[in-house]
Amino acid sequence: MRVRVISRSADEFTRERSQDLQRVYRNYDPSLRPQAKQVEYKRATNAAKLEKIYAKPFITALDGHRDAISCMAKNPSYLKGIFSGSMDGEICLWDIASRRTVCKYPGHEGAVRGLTVSTDGRTLVSCGTDCTVRLWKVPNFNVMESYGDENGSPKPMAIYTGNDAFRAVDHQWGGNIFATAGARVDIWDHSRSQPVNTFEWGTSTVVSVRFNPGEPNILASSGSDRNIMLYDLRMSSPARKIIMMTRTNSIAWNPMEPMNFTAANEDCNCYSYDARKLSEAKCVHKDHVSAVMDIDYSPTGREFVTGSYDRTVRIFQYSGGHSREVYHTKRMQRVFCVKYSFDATYVISGSDDFNLRLWKARASEQLGVLLPRERKKHEYHEALLHRFKHLLEVKRILRHRHLPASIYKARKLRQTMTDAERKKEERRRAHSGPSGGVQKKRLRQSRIVAEVD
């Protein structure tokens with residue numbers, strides 16, 4: 001005769017210490033819990049509300065400049081260090097962890113328009129409206145606290161003089177070459193006082209330049225005549241060019257998908273392109289109500305941050321048409337430069353009110369060391385929000401943002417103008433000849449005037 005009995009081991013349900021949690025075993029058979037989906041939906045709603053309650057993105061403001069901040073640069077070999085340049089010609093090195101200025105680099109007689117750091121983190125390159133490019137030595141991180149105090153003000157390692165004012169600079173990934181933007185695109189080497197190569201296409205001023213992180217010989221630039229150009233250092237002339245309806249202020253390459261880049265435009269939008277197909281944009285990122293001044297990608301390549309003339313900082317998904325977050329304060333003025341930290345945790349913005357501001361990339365993220373229970377709870381809430389994000393109540397809570405009155409009114413005015421332009425285009429199409437003289441174009445294509453090879 002066979003007898004079935006229930007056997008339990010004391011080790012499976014007995015706590016080893018009195019401070020340990022009591023082990024609980026659950027039966028996940030769905031037939032035993034017919035209301036499980038409704039319960040999880042309610043938990044997702046509560047998680048969305050809690051996310052809004054704990055959304056406090058602003059961390060601190062770093063003040064030390066005496067004029068508007070025009071550019072910033074990250075140090076690839078030091079996570080906590082960031083450089084900032086202002087309109088009065090001063091460059092500051094900040095320690096984000098201690099929230100103080102480590103040292104200052106005086107020397108430029110005009111506004112500092114571009115900053116970049118070499119890949120090894122040893123050389124800082126700056127350019128400005130005084131027609132000079134200066135190379136600075138980055139202090140050793142082990143003695144950063146004493147740098148500049150005992151030795152006095154840092155002196156540039158080299159000063160290169162150009163014929164025109166410089167507007168931007170960027171360093172090649174893994175090399176000793178950097179590019180400057182001004183009346184033309186100049187390619188420089190650390191050891192030579194004259195450009196090793198020069199690219200010109202037209203007579204416009206080049207306002208931004210960026211090297212490709214995946215292919216070191218490829219770089220992109222934008223000009224004041226509304227063009228976006230691609231260059232190859234192995235060629236003697238620019239490779240391709242597109243002309244848009246409005247000017248592009250800044251360009252950022254996607255570090256995880258180096259064939260894609262995003263352009264920050266004057267028409268309040270950002271446009272993502274595939275460098276292999278420039279006839280139309282892959283995605284149009286909307287929500288700003290004034291010109292987008294700067295853009296920078298997250299190291300993960302899934303998000304990017306933008307700073308605008310409308311005094312807001314927005315974070316977009318790389319394939320999303322609308323912003324995920326919008327940051328603003330009463331004191332913050334026009335944002336000229338933004339950067340994503342190398343650990344994708346923080347966002348730094350520089351504005352017209354002489355301050356750098358440090359924000360959390362996730363507004364409700366809990367900083368510091370998390371206990372295993374806390375980490376699991378956050379992961380569970382994120383999974384719930386991802387599962388029920390398409391439902392109306394959860395979607396409404398997650399999308400709601402408080403905006404200043406000026407932004408709200410400007411957005412309504414911009415929507416009215418967009419609707420009027422759309423209706424005018426529809427009427428033109430309706431009253432055109434039967435041959436179809438007025439063709440309908442998507443927004444991804446309508447902002448591109450021409451493509452030149």
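What counts, and at which threshold
- Residues numbered from 1 in each chain as written.
- Predicted model: local features only at pLDDT ≥ 70, side-chain atom pairs only at ≥ 80, totals over all residues.
- Heavy atoms only, no water.
- Helix = DSSP H or I, 4+ residues; strand = E, 2+ residues; numbered from the N terminus.
- Buried < 20%, exposed > 50% of the residue type's maximum accessible area, 1.4 Å probe, protein only.
- Contact = heavy atoms within 4.5 Å.
- Areas by Shrake-Rupley, 256 points an atom, 1.4 Å probe, with all protein chains shown as cover.
- Lys, Arg positive; Asp, Glu negative; His and termini not counted.
- Charge placed at Lys NZ, Arg CZ, Asp CG, Glu CD.
- Pairing = 2+ DSSP bridges.
- Axes fitted to C-alpha atoms, helices over the stretch in contact; angles between N-to-C directions.
- Polar contact = N/O pair within 3.5 Å; in protein donor to acceptor, adjacent residues only side chain to side chain.
- Phe/Tyr/Trp six-rings, centres within 6.5 Å; stacked < 30°, edge-to-face > 60°.

A. Quick look at the overall build of the protein. When its secondary structure is counted, the protein shows six helices and 29 strands. Each principal axis of the C-alpha atoms in the protein carries an extent, and together these give about 100 × 80 × 50 Å. Within the protein, the proportion of its 453 residues that are buried is 44%. Long-range pairs, those at least 24 residues apart, make up 51% of the contacts in the protein with a sequence separation of at least 6. Total accessible area on the protein is roughly 24,800 Å²; 49% of this is exposed by carbon and sulfur atoms. Looking at charge distribution, the protein has the averaged site of its 74 positive side-chain charges lying 8 Å from that of its 51 negative ones.

B. Focus on the sheet that holds strand β14 (residues 206-211). Spatial strand order, β14-β15-β16-β17-β29: five strands in an open sheet with antiparallel pairing. This sheet does not close on itself; its edge strands, each paired only once, are β14 and β29 (448-452). Adjacent strand axes in the sheet meet at a mean angle of 15° when their direction is disregarded. In this sheet, strand β15 (residues 218-223) lies alongside β14 in antiparallel orientation, the contact comprising five bridges. Its bridge partner lying in β15, Arg 210 is registered against Ala 220.

C. View of the side chain of Thr 262. Relative to the elements of secondary structure, Thr 262 occurs in strand β19 (residues 260-265). For Thr 262, a relative accessible area of 0% gives the class buried. Side chain to side chain, Thr 262 and Tyr 297 meet in a polar contact 2.7 Å long. Leaving out residues up to four positions away in the same chain, Thr 262 has contacts with Ser 250, Ile 251, Ala 252, Cys 270, Tyr 271, Ser 272, His 285, Ile 295, Tyr 297 and Phe 304.

D. Highlighting the packing of aromatic side chains. Across all of its chains, the model carries 14 aromatic pairs by this definition. Between the aromatic rings of Tyr 105 and Trp 136, the centroid separation amounts to 5.2 Å while the plane-to-plane angle is 70°, which identifies the pairing as edge-to-face. Here Trp 136 lies in strand β8 (residues 132-137) and Tyr 105 lies in strand β5 (residues 100-105), a separation of 31 residues in the sequence. Ring centres of Tyr 309 and Phe 336 lie 6.4 Å apart, and the angle between their planes is 40°; this geometry places the pair in the tilted category. Residue Tyr 309 is found in the loop between β23 (303-308) and β24 (313-317), and its partner Phe 336 is found in strand β26 (residues 335-340); the two are separated by 27 residues along the sequence. What makes Tyr 309 partly exposed here is its relative accessible area of 35%. Within the aromatic cluster, the residues linked to one another by ring pairs are Tyr 160, Phe 166, Phe 178 and Trp 188.

E. Looking closely at the environment of Leu 62. Residue placement: Leu 62 occurs in strand β1 (residues 58-63). Taking the C-alpha atoms as reference, Leu 62 lies 4.9 Å from Leu 356; in sequence the two are 294 residues apart. The residues touching Leu 62, leaving out its near neighbours within four places in the chain, are Trp 94, Ile 96, Arg 99, Phe 354, Asn 355 and Leu 356.

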